[in-house]
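# Notes for the structure review
Chain by chain, the residues:
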Amino acid sequence: MTKRIDFEKYSKFVDAVTSDESRDFVAFSDRVVSLDEKGANIERLLTGAVGINAEGGEVMEIVKKLIFQGKKWDNETIYHLKRELGDVMWYVMQCLIALETDMDEIVEMNIEKLKKRYPGGEFDAYYSENREVNDL
């Protein structure tokens, strides 16, 4: 016998564990104002974050079609992937501007993070799965 899910109960649960800022426009707008007052360039950061995910999805769509739907690996597909990656980079730059940083700083931070994660200087599945407490 298959157990049936009570979607009305699930909906109430989801609503109960959702932040006020996600459920209420006034709470949302108050949070945005609060972030702005603290110096966050939240509109540009939000533009970048939303765009990275949207454009990343477009890159993934091409890869999905390559792997699962027989899309040809040809110059046109490579060109399309490059154009979509360019769109991703446009949104990454929006985030960099919002954070008042540049690609050099971000890459250096990434290198330092990965050096700590992989002390031998090579990928190791153990360290990939068993990270230090603050290794996000």
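For the structure given in this document, a descriptive report is provided here.

### Topic: unusual backbone geometry
For E100, which is not glycine, the phi dihedral falls at a positive 50 degrees. Tracing the chain through its elements places E100 in the loop between α5 (75–98) and α6 (103–117). Here E100 falls in the exposed class, since its relative accessible area comes to 74%.

### Focus on the side chain of D135
With respect to the helices, strands and loops of the structure, D135 is situated in the segment after α7 (125–129). Within the structure, D135 has its side chain in polar contact with the side chain of R117 (distance 2.6 Å). In contact with D135, not counting residues within four places along its chain, are K113 and R117.

### Considering a nonpolar patch on the surface
The grouping of I5, F7, Y10, F13, V14 and V17 at the surface amounts to a nonpolar patch, some 650 Å² of accessible area in total. Examined against the element boundaries, Y10 turns out to sit in helix α1 (residues 7–16). Judged by relative accessible area, which is 48%, Y10 ranks as partly exposed.

### Points about helix α3 (residues 25–37)
Taking 1.5 Å per residue, 13 residues should reach 18 Å; α3 reaches 18 Å between its end C-alpha atoms and fits that length. Taking the backbone nitrogen of V26 as reference, a side-chain oxygen 3.2 Å away marks D24 as the first, capping residue of α3. One or two positions beyond α3, positive phi appears at G39, with a value near 100 degrees.

### A short note on a negative patch on the surface
Judged by side-chain charge, D102, D104, E105 and E108 come together as a negatively charged surface patch. Structurally, D102 is set in the loop between α5 and α6. For D102, a relative accessible area of 40% translates into the label partly exposed.

### Some points on the packing of aromatic side chains
Under the defined criterion, the tally for this structure stands at four aromatic pairs. When the ring of F25 is compared with that of F28, the centres are 6.4 Å apart and the planes differ by 40 degrees; the resulting orientation is tilted. Linking F25 with F28, this pair stays in helix α3, spanning three residues, or about one helical turn. The class for F25 is exposed, based on a relative accessible area of 64%. Classification of F28 as partly exposed rests on a relative accessible area of 38%. Taken together, a centroid distance of 4.9 Å and an interplanar angle of 80 degrees make the contact between W90 and Y91 edge-to-face.

### Some words on the packing of helix α4 (residues 42–68) against α5
In contact at an axis separation of 8 Å, α4 and α5 are set at 160 degrees when each is read in the N-to-C sense. Taken together, the axes of α4 and α5 are roughly antiparallel relative to one another. For the crossing formed where α4 meets α5, the hand is left-handed. Partitioned by chemical class, the residues of the contact of α4 with α5 number 15 nonpolar, seven polar and five charged.

Basis of the calculations
All residue numbers here refer to positions counted from 1 along the written sequence of the relevant chain. Residues qualify for local features only when their pLDDT is at least 70, as the model is predicted, and side-chain atom pairs are given and counted only at 80 or more; totals for whole chains, interfaces and linings, by contrast, use all residues. Side-chain measures here rest on the full set of heavy atoms in the structure, leaving out hydrogens and waters. Put simply, DSSP H or I for four residues or longer makes a helix, DSSP E for two residues or longer makes a strand, and each gets a number counted from the N terminus. Exposed residues in this analysis have more than 50% of their type's maximum accessible area, buried residues have under 20%, and partly exposed residues fall in between, with area computed by a 1.4 Å probe over protein chains only. Pairs of N or O atoms are called polar contacts if they sit within 3.5 Å, as long as, within protein, a hydrogen donor faces a hydrogen acceptor (for residues adjacent in sequence, only side-chain-to-side-chain pairs). Residue contacts are defined here by distance: any two heavy atoms, one from each residue, within 4.5 Å place the two residues in contact. Only residues whose relative accessible area exceeds 30% and that form no salt bridge enter a patch; like-charged residues are grouped when within 9 Å of one another, and nonpolar side chains (Val, Leu, Ile, Met, Phe, Trp, Tyr) when within 5 Å. In this description, accessible areas are obtained by the Shrake-Rupley approach with a 1.4 Å probe, and a residue is regarded as covered only by the protein chains that are shown. For this analysis, a salt bridge means a side-chain nitrogen from Lys or Arg found within 4 Å of a carboxyl oxygen belonging to Asp or Glu. Here the expected length of a helix is defined as 1.5 Å per residue gap, with one fewer gap than residues. The sign given to each residue is positive for Lys and Arg and negative for Asp and Glu; His and the chain ends receive no count. The atoms used to mark charge sites are NZ of Lys, CZ of Arg, CG of Asp and CD of Glu. Classification of ring pairs uses Phe, Tyr and Trp, with its six-membered ring standing for Trp, and accepts pairs whose centres are within 6.5 Å; under 30 degrees between planes counts as stacked, over 60 as edge-to-face, and the remaining range as tilted. In this analysis, axes come from line fits to C-alpha atoms, helices being fitted only over the stretch in contact, and the angle between any two N-to-C directions falls in the range 0 to 180 degrees. The scheme is simple: roughly parallel for angles under 35 degrees, roughly antiparallel for over 145, roughly perpendicular for 65 to 115, oblique for anything else. Crossings are classed by handedness, with left-handed meaning an anticlockwise turn of the near helix from the far one by less than a right angle and right-handed meaning a clockwise turn. In this classification, the charged set is Asp, Glu, Lys and Arg, the nonpolar set is Ala, Val, Leu, Ile, Met, Phe, Trp, Tyr, Cys and Pro, and all remaining amino acids, among them Gly, are polar.

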